[in-house]
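# Reading the structure
The primary structure of each chain is shown beneath.
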Amino acid sequence: MLDIKLVRQNIQEVEAGLAKRGMHPDMAAFNDADDNRRKILAELESLRHQRNVVSDEIAALKKRGENAEAMVTEMRTVAGRIKELEKEIQTHEAFIDTFMLGLANLPHSSVPEGHDETQNTLVKTEGTPPQFENEAQAHWTIGENLGILDFNRAAAITGARFPLYLGAGARLERALINFMLDVHTRTHGYTEVLPPFIVNRATMTHTGQLPKFEEDLFKLEGWDYFLIPTAEVPVTNIHQSEILSADKLPIYYTAYTPCFRSEAGSYGKDTRGLIRQHQFNKVELVKFVLPETSYNELETLLKDAEAILQRLELPYRVVTLCSGDLGFSAAKTYDIEVWMPAQGVYREISSCSNFEDFQARRANIRFKRKGQKGTELVHTLNGSGLAVGRTLAAILENYQQSDGSVIIPEALRDFMGGEEVLRP
RNA sequence: GGAGAGAUGGCCGAGUCGGCUGAAGGCGCUCGCCUGCUAAGCGAGUGUGGGGGGAAACUUCCACCGAGGGUUCGAAUCCCUCUCUCUCCGCCA
């Protein structure tokens, strides 16, 4: 959520910022509601003041055993008027709340302008794509030939877009999870957490998935609970409504969770393989930081995610998302894209974002500086470190051999019981 | 699933028959004093959000005692609904 004061006082800037995303909210309607609210509030508060004062007088009179009937009758009408105004102000507040919850974050000044992913800007390219004698096979072909991925049986168990890993495939997925968690906890200083995979509506609202994107989520029948689309949601909410002390910051968490996405609106895209599933595994990185440090923290977050690809020796590139491609809650996002030889493209494998105080305001996550009055909102960041299924797919494709086998990256061998090659 | 108890400020904890209780008391924290140092002691201060005034320090008003409704001139205190926590029983990975 944006700061309502900022919106009030800088309507033009807010409009301009959101326009870069291609969004054009009705600021005039907001202005009207906001003005009306404050007009009513002034009257309401003075009536409440009157009520408080007179109620005290009534109490004093009664204590002395005197008659207070006249005042009581007078206050009866005041109380009635207060109730009317409260109802009136509520409609404006409901409108303002909905409006504010629907406003996306403002893009940071360093974010390139553009309206879709074709206008993202390249930051750097790392590693060299492997050369193959024959045509590179797609990971689903490799996986099915190795007998470690079975999409047909998964479809029978559940339906389309669910994975079934078998044997060394299941073990490789688990090895990747352990490898990533170990790197982040042991060398990058993150604390491992294992959160709930189901969260309530308030939690989902705090990080920005709700109220606008409910159709992207799986909701539990009969409950106001949702399956998490990313660990960002439960982990960022660990500190909801808390006042942290400044010397405890920064806080770094890493979590493995499965992620559940309805993938509404993506029919026909990536219909084969592990790229786009309703359920996938991800190791997530989440940071709570001091505002003045958040853009430096974004750079180190990106490095922490990149380190996984470097250790796995997978070729990748980093892009800065343009304003039109930026997620709802983010002020700035880097995507890391891994090389997928079969399709000859780079595919997103991590998304590292600074949300500034956007999520913190919704989730009411504040901090206090020592010796200073008042509280400030923390800045939150998160990034994938990494999407596990896509990493496994990238390994199958980049490490494939002409005989159908797949070499296991050296960094993973300790996690694979020393195995070096997957053979059919 | 059954029975009961509870939810108050950074923490602990008091709130009687509804009325100077934004909230006693304690701890913690901050500043000052005292003291060879430390500890102890003494004094003062110390919630959040919102509206108005002020360049600012600050000031004034309103709201907030798990959440939401209700009763009342007036609710932390009474009533209803919900959520969560704890205890006992049952069931269970």
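Here's what I pulled together on the structure shown here. (Residues numbered from 1 in each chain as written. Chains lettered and ligands numbered in written order. Predicted model: local features only at pLDDT ≥ 70, side-chain atom pairs only at ≥ 80, totals over all residues. Heavy atoms only, no water.)

## Examining the packing of helix 5 (residues 139–146) against helix 12 (residues 388–398)
For the pair helix 5 and helix 12, interaxial distance at closest approach is 9 Å and the crossing angle is 85 degrees. Between helix 5 and helix 12, the interaxial angle falls into the category roughly perpendicular. Contacts between helix 5 and helix 12 involve H139, I142, G143 and L146 from the first element and A393, L396 and E397 from the second. Of the residues that constitute the contact of helix 5 with helix 12, the class distribution is four nonpolar, two polar and one charged. (Axes fitted to C-alpha atoms, helices over the stretch in contact; angles between N-to-C directions. Helix = DSSP H or I, 4+ residues; strand = E, 2+ residues; numbered from the N terminus. Parallel < 35°, antiparallel > 145°, perpendicular 65-115°, else oblique. Contact = heavy atoms within 4.5 Å. Nonpolar A, V, L, I, M, F, W, Y, C, P; charged D, E, K, R; others polar.)

## Description of the protein's contact with RNA strand B
Around RNA strand B lies a shell of 23 residues, among which R8, H49, R76, K83 and R366 are the nearest. With respect to RNA strand B, the side chain of N52 contributes an N or O atom lying 3.2 Å from a phosphate oxygen. Here a sugar or linking oxygen of RNA strand B and a backbone polar atom of V72 are 3.5 Å apart. Of all the elements in the fold, those that place two or more residues in the surface near RNA strand B are helix 3 (27–63), helix 4 (69–102) and strand 11 (366–368). Sorting elements by how many residues they give to the surface near RNA strand B places helix 3 first, with twelve residues. (Near = heavy atom within 4 Å. Polar contact = N/O pair within 3.5 Å; in protein donor to acceptor, adjacent residues only side chain to side chain.)

## Notes on the sheet that holds strand 9 (residues 332–340)
An order of 1-8-9-10-13-7-6-2 is seen for the eight strands of this open sheet, with the pairing classed as mixed. On the outer flanks of this sheet lie strand 1 (121–126) and strand 2 (191–193), each paired with one strand and no other. Between one strand axis and the next, the sheet turns through 25 degrees on average, direction left out of account. Where strand 10 (residues 345–354) lies against strand 13 (residues 379–387), three bridges are found, and the strand directions are antiparallel. Bridging from a neighbouring strand, N354 pairs with L381 of strand 13. Together, strand 2, strand 6 (251–260), strand 7 (279–289) and strand 13 form the strand contacts of helix 7 (residues 168–186), whose direction differs from that of strand 7 by roughly 10 degrees. (Pairing = 2+ DSSP bridges.)

## What about the nonpolar core?
Counting 54 residues, the largest nonpolar core has L396 and L422 as the members making the most contacts within it. With eight residues, the top contributor of residues to this core is helix 7. If we ignore the near neighbours within four places in the chain, the residues touching L396 are H139, I142, G143, L146, I148, L149, V406 and L422. (Core = buried A, V, L, I, M, F, W, Y, C linked by side-chain atoms within 4.5 Å. Buried < 20%, exposed > 50% of the residue type's maximum accessible area, 1.4 Å probe, protein only.)

## Concerning the layout of surface pockets
What the second largest pocket holds in volume is close to 260 Å³. Lining of the second largest pocket is provided by 16 residues; of these, F132, N134, Q400, Q401 and S402 occupy positions nearest its centre. (1 Å grid on protein atoms, 1.4 Å probe; cavity = no way out; pocket = protein on both sides within 12 Å on 5 of 7 lines; lining within 4 Å. Points joined across faces, edges and corners; volume = space filled by probe spheres on them.)

## So, the environment of P229
Assignment of secondary structure puts P229 in the loop between strand 4 (225–227) and helix 9 (232–236). Overall, P229 belongs to the buried group, its relative accessible area being 7%. It is 9.2 Å that separates the C-alpha atoms of P229 and H278, two residues lying 49 residues apart in sequence. Residue contacts for P229: discarding those within four places in its chain leaves M204, Q209, L217, C259, F260, R261 and F280.

## Points about the pattern of salt bridges
For the structure on display, the rule yields 23 salt bridges. Between R48 and E86 there is a salt bridge, with the nearest N and O atoms lying 2.9 Å from each other. Remark: E86 occurs in helix 4 and R48 occurs in helix 3; sequence separation between them is 38 residues. Judged by its relative accessible area of 30%, E86 is partly exposed. (Salt bridge = Lys/Arg side-chain N within 4 Å of Asp/Glu carboxyl O.)

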